[in-house]
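# Coordinate analysis (summary)
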Amino acid sequence: MLYPVLNVLWQSLHFERLNQPQRGTPFIGLDNFVRMLWGRDEMAWSLSKLWLPRALLLASLVPIWIAARRGGLKRGLAVVATVVLVAAAGWLLGYHPAEGTRWGDPRFWNSFNITLLLIVVTVVGAFLLGLPLALLANVKHPLKWLVRLALLLPWAMPRVFSGLAFAWLFQSDYGVVNDLLGRMGINHVLALVLPEQWIGPRGVYWLARDVPAVVAVSLAIIWKTSSFVGLILLAGLQSIDDSLYEAARIDGANAWQRFWRITLPLLRPAIMVALIFRTLTAVQTFDEPFAMTGGGPGRTLETLGIYIYKTVNGLDIGYAAALAVALFAISLFITIFYLRWIYKDD
Amino acid sequence: MPRSSSPNQPPGRRSKPQGGRAARLFLLLALVLVVVNGLFPSLWLLLTSFKQDGELTRLPITWLPADPTLQNYVAVFERNPFALFLRNSFVVSIAATLITVLFAGLAGYALGRLKLRGRKVILTGIVMTSMFPSLVLLVPLYRLFRGVEIPWLSGLLFFPEGFGTPNLLNTYWALIIPYVALSLPIATIILTSFFQLIPDDLEAAATVDGTSRLGALFRIIMPLSAPGMVTAAIIVFVNSWNEFLLALTFNTAVEMRTVPVGITFYQGQFSFPWAVISAAVTLGVIPLVLLIIFFQQKIISGLTAGGVKG
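Chains are numbered independently. Their residues run from 1 in the order of the written sequence. The naming scheme follows written order: chains are lettered A onward, ligands numbered 1 onward. A pLDDT threshold of at least 70 governs which residues receive local features in this predicted model, and a stricter bar of 80 or more applies before side-chain atom pairs are shown or counted, although totals over entire chains, interfaces and linings include all residues.

## Brief notes about the overall build of chain B
For clarity, the cut-off: By definition, any uninterrupted DSSP run of H or I lasting at least four residues is a helix, any uninterrupted run of E lasting at least two residues is a strand, and each is numbered from the N terminus. Residues with at least 20 other C-beta atoms within 10 Å of their own are called buried, those with 12 or fewer are called exposed, and the rest are partly exposed. The C-beta atoms themselves are positioned from the backbone. Residue pairs are scored as contacts if the distance between their C-beta atoms, which are placed from the backbone, is within 7 Å.
Helices and strands together make up the secondary structure of chain B, namely 14 helices and zero strands. When the helices and strands of chain B are placed in sequence order, the string is α-α-α-α-α-α-α-α-α-α-α-α-α-α. Looking at the 310 residues of chain B, the share that counts as buried comes to 40%. Taking the contacts inside chain B whose residues are at least 6 apart along the sequence as the reference set, 74% of them involve residues at least 24 apart.

Here's what the structure looks like:
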């Protein structure tokens, strides 16, 4: 498992285009990342140019960090100062008078933003939907098997299938969502509230306008992933000892208190597991936006995953590796964040 | 028989408070909502797949098919080699499942039953790798499967004119290898927790009778942990069946596509033949539905083992 990481790291330092083999695979240092974050076209800042000032600037960060720490700055402040310095250095490095100060590969930043947005929205959404699902699936009931089936089916569905299913549900003319909204009269309300260009003759253009498309894709992802969250939480619920509830009931605690005082605290480990796994899969969001809008409308839903896929398909392997490293860095950051959160509590 | 970590009668909340008809009604309503939420999108696709083409674009939209037809299912097989997609999916998923369960069984046995030094470290490592983003694998594996020349082997005695890996793109191996790699961690975690449940005495008795350690593994432990094997196998199978990105990138030839990839090719540039797509999706989901109907409890217990241990 270490091999692909090292390989992709090594690859990200090279130029490689499979459709231009005559250009070889020269080592270009951090140029792929410079292109991604600070936005020069490929090879515009090859190692031959300006490598000395760049290296000096980067090297100077270490003494600055040490000085900041020695000088008694709090760690948080030192981090902020270093980040500011790195950003300033990057700005200086990426600045090119002839091209103005355009920042970064716009497609990368767009995919970065939409991925972050989808992470936040779908993780919170899947959790808010998954918790009641788990609670209800744990209720003794003659139809429990049906409830569990309803919980398992979204989990077992390929994400592409659920994406296609939701694309059909949200179809603007003949989709069932617009039909239901129309019957309930909500379409009239939406027509008043929402911008004019989002509204078609039969309701909202769900998949053809940017914000509605984000909403529709998020709902598809939430539907699909809430079942996974629900299953993990259900497992957590089943491990809670029943006698605790009996004792609480004898002590006169009502259902609401029992939920807050017993269920939620004891469910914490399961909640953490579900959140970690859900967040890390959300970083890789690919299937649903790909199946529903192909990354569109325009590039609205071109997540980091879709961008990497398109870059690989464009045979620009070196840059795709750099993008993959960025994605890996994001998931590593999230993992560390969660682990610190867990260990702080223990 | 060792049972899964959640036996048939899970100690859950007995029920919501018995009091009040309103509370019970509310509960029932909530349960109905859960069922509708879980099943509606699939049911809607099922209904759509029986509708005539013209019915889909008629307003107001109909819920039940007015004139049920099977022509969409015929079209699924006519427009694309769907039978081939199904076969590819089955071959890849079953092969990946068998290989994974074999290796995960050995690893799980070592981790669950032997007193290994550094067990905890290894288990933590496995949990970490199970969180590994598969997207990062895309680039290195793509290069690897196109065929890479291995410079330090080339020019040696046996490989004078260069040695490289074969081009695996558009073969089953291009999918089986990454699926095994991606499923091994979760399968190992599941099987480790199952092996831990088997009492030590059984194995000790077998060893006294003169069976070797490996013999005990295959004759005693393996049959006893069959439920765990099945659980791991189901989860690996479902994961492999559902994987999309790698299959889309590595196997681009029409005759090598798996079901999830193949289904995305029914839509034209501007046309979405929704009835046919629905029929194809329905066909692709059937194996999964059968699995979750027959192995409901096993899947839940497997996810439990994989999740809570993590």
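Text resumes after the structure shown.
## As for the overall build of chain A
Broken down by element type, chain A carries 15 helices and two strands. By residue count, 42% of the 346 residues in chain A fall in the buried class.

## Quick word on the confidence of the model for chain A
It should be kept in mind that the predicted coordinates are not to be read in detail where pLDDT is low. Residue and element names in this part refer to chain A. The condition that has to hold: The predictor attaches a confidence to each residue, and that confidence, scored 0 to 100, is pLDDT.
The predicted model of chain A averages 78 in pLDDT, with 79% of residues at 70 or higher. Every residue in residues 40-49 is under pLDDT 50, and counting partners more than four places away or in other chains gives 14 contacts. For the stretch residues 95-102, pLDDT sits under 50, and the model shows three contacts to residues farther than four places along the chain or on other chains.

## Some details on the interface of chain B and chain A
The interface of chain B with chain A comprises 66 residues on the first partner and 72 residues on the second. When residues of the side of chain B that touches chain A are traced back to their parent elements, those giving at least two are α1 (21-49), α6 (134-146), α10 (226-242), α11 (245-250), α12 (259-263), α13 (274-294) and α14 (296-309) of chain B. If one sorts the elements of the side of chain B that touches chain A by residue count, α1(B) sits on top with 13 residues.

## Some remarks on the packing of helix α6 (residues 144-156) of chain A against helix α10 (residues 210-238) of chain A
Residues and elements named next belong to chain A. In plain terms, the rule: Where helices are involved, their axes are fitted lines through C-alpha atoms of the stretch in contact, as for all axes, and angles between N-to-C directions lie from 0 to 180°. Angle categories: roughly parallel below 35 degrees, roughly antiparallel above 145, roughly perpendicular from 65 to 115, and oblique for all the rest. Should the near helix be turned anticlockwise from the far one by less than a right angle, the crossing is termed left-handed; should it be turned clockwise, right-handed. Gly counts as polar in this scheme, as do all residues outside two lists: the nonpolar Ala, Val, Leu, Ile, Met, Phe, Trp, Tyr, Cys and Pro, and the charged Asp, Glu, Lys and Arg.
Following both chains from N to C, one finds α6 and α10 inclined at 120°, their axes separated by 8 Å at the closest point. Between α6 and α10, the angle is such that the two are oblique. For α6 against α10, the interelement crossing comes out left-handed. Taken together, the residues of α10 that come into contact with α6 (itself represented by Leu151, Leu152, Pro154 and Trp155) are Trp223, Lys224, Ser227, Phe228, Gly230 and Leu231. Class assignment of the residues belonging to the contact of α6 with α10 gives a composition of seven nonpolar, two polar and one charged.

## What to know about the nonpolar core
Selection rule: Each nonpolar core reported here comprises buried Ala, Val, Leu, Ile, Met, Phe, Trp, Tyr and Cys residues connected via C-beta atoms within 7 Å.
Core analysis: the largest hydrophobic core is formed by 154 residues, its most contacted members being A:Ile308, A:Leu323, A:Ala324 and B:Leu138. Considering every element that reaches this core, the biggest residue donor is α10(A), with 16 residues.

## Brief notes about α1(B)
Short version of the rule: A helix is expected to reach a length of 1.5 Å times the quantity of its residues less one. At every residue, the bend is computed as the angle between two fitted axes, covering the seven residues ending there and the seven beginning there respectively.
Relative to the 42 Å expected for 29 residues at 1.5 Å per residue, α1(B) spans 40 Å between its end C-alpha atoms, a close match to the ideal helical length. Within α1(B), the axis deviates most sharply at B:Leu39, by approximately 45°, and proline B:Pro41 lies no more than four positions further along. Where α1(B) is concerned, the buried positions are B:Val34, B:Gly38, B:Pro41, B:Ser42, B:Leu45, B:Thr48 and B:Ser49. Where α1(B) is buried, its residues touch α5 (106-137), α6 and α7 (159-169) of chain A together with α3 (71-79) and α13 of chain B.

## Things to note about the confidence of the model for chain B
Residue and element names in this part refer to chain B. Summary statistics for chain B give a mean pLDDT of 78 and a share of 85% for residues scoring 70 or more. Averaged pLDDT values for the elements of chain B fall to 67 in α14 and rise to 89 in helix α4 (residues 82-113). Across residues 1-17 the pLDDT falls below 50, and counting only partners more than four positions away or on other chains, this stretch makes 39 contacts in the model.

## What to know about the environment of B:Gly262
All names here are of chain B. Residue placement: Gly262 occurs in helix α12. Residue Gly262 is classed as buried on the basis of its 23 C-beta neighbours within 10 Å. In this structure, the C-alpha to C-alpha distance between Gly262 and Phe244, residues 18 residues apart in sequence, is 9.9 Å. The contact partners of Gly262, leaving out residues within four places of it in the chain, are Asn80, Phe82, Phe85 and Arg257.

## Quick word on the environment of B:Pro65
Residues and elements named next belong to chain B. One can find Pro65 in the loop between α2 (53-56) and α3. For Pro65 and Leu47, which are 18 residues apart along the polypeptide, the C-alpha to C-alpha distance reads 6.5 Å. Filtering out sequence-adjacent residues up to four positions away, Pro65 remains in contact with Leu47, Phe50, Lys51 and Glu55.

## Topic: unusual backbone geometry
As a rule of thumb, non-glycine residues mostly have phi less than zero, and peptide bonds are mostly trans rather than cis. Positive phi, normally seen in glycine, also occurs at A:Leu315, with a value near 65°. Positive phi values are uncommon outside glycine, yet B:Asn170 reaches one of about 65°. Inspection of the secondary structure assignment puts B:Asn170 in the loop between α6 and α7 (173-195). What makes B:Asn170 partly exposed here is the crowd of 15 C-beta atoms within 10 Å.

## Topic: the environment of B:Phe250
Residue and element names in this part refer to chain B. Position of Phe250 relative to the elements: it lies in helix α11. Taking C-alpha positions, Phe250 is 9.0 Å from Leu138, a pair spaced 112 residues apart along the chain. Not counting the four nearest positions on each side in its chain, Phe250 is found in contact with Tyr142, Phe145, Leu169, Ala174 and Leu175.

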